[in-house]
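Notes for the structure review
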Amino acid sequence: RALRSRLSPRRQTDVGDILVAMNPFQPLQLYGREVSEQYRCHEKGTLPPHIFAVADRAYQAMLGRRGARPQSQCIVI
């Protein structure tokens, strides 16, 4: 019940660096180019949780951007 309330009306939420997404089995306007551009290099917490945010944080960490050393990354889907 707690997860359902956290995911509604959004379809995604995060717990630290973990994204929890619900598949509604219907097309959603969550994955277009406009949405992708919004999540490119954004500050964590400024936009709702999204798979594009997870991917961008992993990519930036892999390259060693934002003042950190490059780090290997893994994303499990």
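Residues numbered from 1 in each chain as written. Predicted model: local features only at pLDDT ≥ 70, side-chain atom pairs only at ≥ 80, totals over all residues. Heavy atoms only, no water.

**Notes on the overall build of the protein**
Secondary structure assignment for the protein yields 3 helices and 2 strands. The helix and strand sequence of the protein, counted from the amino end, reads α-β-β-α-α. In the protein, which comprises 77 residues, the share counted as buried stands at 19%. Summed over all atoms, the accessible surface of the protein reaches about 6,200 Å², with 55% contributed by carbon and sulfur. (Helix = DSSP H or I, 4+ residues; strand = E, 2+ residues; numbered from the N terminus. Buried < 20%, exposed > 50% of the residue type's maximum accessible area, 1.4 Å probe, protein only. Areas by Shrake-Rupley, 256 points an atom, 1.4 Å probe, with all protein chains shown as cover.)

**Examining the side chain of H42**
Summarising the element assignment, H42 is placed in the loop between α2 (33–38) and α3 (51–63). A distance of 3.1 Å separates a polar side-chain atom of H42 from the backbone oxygen of Y39. When neighbours within four sequence positions are excluded, H42 is seen to be in contact with L47, A53, D56 and R66. (Polar contact = N/O pair within 3.5 Å; in protein donor to acceptor, adjacent residues only side chain to side chain. Contact = heavy atoms within 4.5 Å.)

**Examining the packing of aromatic side chains**
Enumeration according to the criterion identifies 1 aromatic pair in this entry. An angle of 85° between the planes, with centres 6.2 Å apart, marks the rings of Y31 and F52 as edge-to-face. Residue Y31 is located in the loop between β2 (18–21) and α2, and its partner F52 is located in helix α3; the two are separated by 21 residues in the primary sequence. (Phe/Tyr/Trp six-rings, centres within 6.5 Å; stacked < 30°, edge-to-face > 60°.)

**Focus on the pattern of salt bridges**
A complete count under the given rule lists 1 salt bridge for this structure. With a closest N to O distance of 3.3 Å, E37 and R40 form a salt bridge. (Salt bridge = Lys/Arg side-chain N within 4 Å of Asp/Glu carboxyl O.)

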